Amino acid sequence: MHKTLYAYALTILRDESDAADCVQEAFTRLWENRNRLAYIDNLKGYAAVTVKNIALSMAAKANRNSPSAIYDEPPDVSDSAPSPQEAMEQRENIRVIGNILNELPDNQKRVVILSGVAGLSNNEIREATGLSDHNVRVLLSRGRKKLRDLFSKR
């Protein structure tokens, strides 16, 4: 469950350290309220909502109120890149994909990021988002198709 919650926090906060802090705070809150947890039917969903609320609060405090933005600038490519030309193309592709992701509807974007970037399975995405299994598959399929279509046009 930690991996799922961390990936969910990471999609909102876009910072590994902040996401780890968020999940730690969520587990602390869950522990402090452990007596009430016996009355909750869907503990994973409750934990996901807790992470979401903490992450959104952290984002607001840090004045990053656009959790849907992906990459402002492409990440550095390691020295193991075969050539400077390929590294430049990779950075450009990441920038383009980040811009394209911002064109997707929020639900599609979140599901595509959780799958493609965080590497979560459909079941883990379902647990993290509270969407049905069918909705996860549909959003992922449509999001990937739109990404392919928009990427091929650029």
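Keep in mind that what you see is a predicted model, and the values were worked out from it rather than measured.

1. Some remarks on the side chain of Ser115
Note that Ser115 resides in helix α5 (residues 106-116). For Ser115, the residues in contact, after removing those within four places along its chain, are Leu120, Ile125, Leu140 and Arg144.

2. Some points on the environment of Tyr46
For Tyr46, the position within the fold is in helix α3 (residues 43-61). On the accessibility criterion, Tyr46 (35% relative accessible area) is partly exposed. Taking the C-alpha atoms as reference points, Tyr46 and Gly130, 84 residues apart in sequence, are found 9.5 Å from one another. Discounting chain neighbours no more than four positions away, the residues touching Tyr46 are Leu30, Leu37 and Ile40.

3. Some details on the nonpolar core
One finds Cys22, Val51 and Val111 to be the most contacted residues of the largest nonpolar core, which totals 35 residues. Where this core is concerned, the elements lending two or more residues are α1 (2-13), α2 (16-32), α3, α4 (84-101), α5, α6 (122-129) and α7 (133-152). Excluding anything up to four places from it in sequence, Cys22 contacts Ala9, Leu13, Val51, Ile54, Ala55 and Met58.

Reading the values: the criteria
Residues numbered from 1 in each chain as written. Predicted model: local features only at pLDDT ≥ 70, side-chain atom pairs only at ≥ 80, totals over all residues. Heavy atoms only, no water. Helix = DSSP H or I, 4+ residues; strand = E, 2+ residues; numbered from the N terminus. Contact = heavy atoms within 4.5 Å. Buried < 20%, exposed > 50% of the residue type's maximum accessible area, 1.4 Å probe, protein only. Core = buried A, V, L, I, M, F, W, Y, C linked by side-chain atoms within 4.5 Å.

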